[in-house]
Amino acid sequence: MHRKKSFSTFAYMEKIDANIHESWKQILSDEFNKEYFLNLKEFLVEERKTYKTYPAGPNIFHAFNQTPFENVKLVILGQDPYHGTGQAHGLCFSVPFGIKPPPSLVNIFKEIQSDLGLPFPNHGNLEYWAMQGVLLLNATLTVRANQAGSHQNKGWEIFTDTIIKKLSDERENLIFLLWGRFAQNKAELIDREKHFILEAPHPSPFSARTGFFGCKHFSASNELLKKSGIMEIDWNVPDLL
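None of the values given here were measured: they were computed from a predicted structure.

As for the packing of helix α5 (residues 103–116) against helix α9 (residues 217–227)
Contact geometry for α5 and α9: axes closest at 8 Å, N-to-C directions at 60°. With respect to their mutual orientation, α5 and α9 come out oblique. In this structure, α5 uses Ile108, Glu111, Ile112, Asp115 and Leu116 to contact α9, whose residues at the interface are His217, Phe218 and Ser219. Across the contact of α5 with α9, the residue classes tally to four nonpolar, two polar and two charged.

In structure tokens form, the structure reads like this:
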């Protein structure tokens with residue numbers, strides 16, 4: 001069905017799928033024209049008329065711009081972006097420089113410190129991981145301010161499930177870190193014959209002590225990469241000077 005759009009609405013909608021790395025744009029080109037994605041973009045346009053949404057438009061696809069398709073070594077899957085002011089910048093669990101690390105991220109750093117003996121960083125920006133091939137993927141890529149889960153079931157999950165399936169089908173020897181039941185439900189999209197799946201409870205304060213602490217996923221991931229002949233991840237997060 002033909003949709004009549006104002007110029008401003010059309011321009012915003014075009015930005016939603018334009019600001020993505022060329023490697024991902026090629027892989028996902030069919031998705032941007034599907035009915036569910038057109039509906040999703042219209043939903044986001046309407047949301048912005050009434051509510052503040054995160055992350056800012058240029059950062060919606062930040063994870064893909066930091067980690068091109070062919071560079072992905074490892075995937076960490078989150079649920080949806082942080083919904084507090086200034087927290088979300090398009091990488092799951094990560095926050096921009098100058099923003100206090102949320103509790104789940106603090107627990108991730110605690111596990112890295114325990115597992116690898118690395119120092120606790122003075123910020124929570126994980127772009128250094130992303131640039132090494134860690135795809136920090138949220139299942140839902142946007143959220144309404146101060147309302148967790150508010151953009152779930154609007155189409156993002158179809159889009160990100162497609163991403164997981166594309167990685168599974170077209171790459172080999174990837175590592176998927178699935179923390180918590182939500183992420184673990186995505187395991188059915190991944191070919192276990194071609195890839196490695198490591199599962200643990202979510203790093204949230206509500207569940208970290210039930211098995212996330214002590215999971216040693218960071219050393220285990222590097223051992224798997226090493227066995228596959230792939231350069232290991234430097235899990236140290238350099239301090240902001």
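So, the sheet that holds strand β6 (residues 196–200)
Across the sheet, which stays open at both edges, the four strands sit in the order β3-β2-β5-β6 with parallel pairing between neighbours. Every other strand in the sheet has two partners, leaving β3 (134–138) and β6 as the edge strands with one partner each. Between one strand axis and the next, the sheet turns by 20° as a mean value, whatever way the strands run. Two elements, strand β2 (residues 74–78) and strand β5 (residues 175–179), share three bridges in a ladder whose sense is parallel.

Some details on helix α7 (residues 156–170)
Taking 1.5 Å of rise per residue, the 15 residues of α7 would be expected to cover 21 Å, and the 21 Å separating its terminal C-alpha atoms lies within 8% of that figure. Considered for burial, the residues of α7 that qualify are Trp156, Glu157, Phe159, Thr160, Thr162, Ile163, Ile164, Leu167 and Ser168. Elements that come into contact with the buried residues of α7 comprise α2 (22–27), α3 (35–50), α4 (62–66), β2, β3 and β5.

Reading the values: rules and limits
- Residues numbered from 1 in each chain as written.
- Predicted model: local features only at pLDDT ≥ 70, side-chain atom pairs only at ≥ 80, totals over all residues.
- Heavy atoms only, no water.
- Axes fitted to C-alpha atoms, helices over the stretch in contact; angles between N-to-C directions.
- Helix = DSSP H or I, 4+ residues; strand = E, 2+ residues; numbered from the N terminus.
- Parallel < 35°, antiparallel > 145°, perpendicular 65-115°, else oblique.
- Contact = heavy atoms within 4.5 Å.
- Nonpolar A, V, L, I, M, F, W, Y, C, P; charged D, E, K, R; others polar.
- Pairing = 2+ DSSP bridges.
- Expected span 1.5 Å × (residues − 1).
- Buried < 20%, exposed > 50% of the residue type's maximum accessible area, 1.4 Å probe, protein only.

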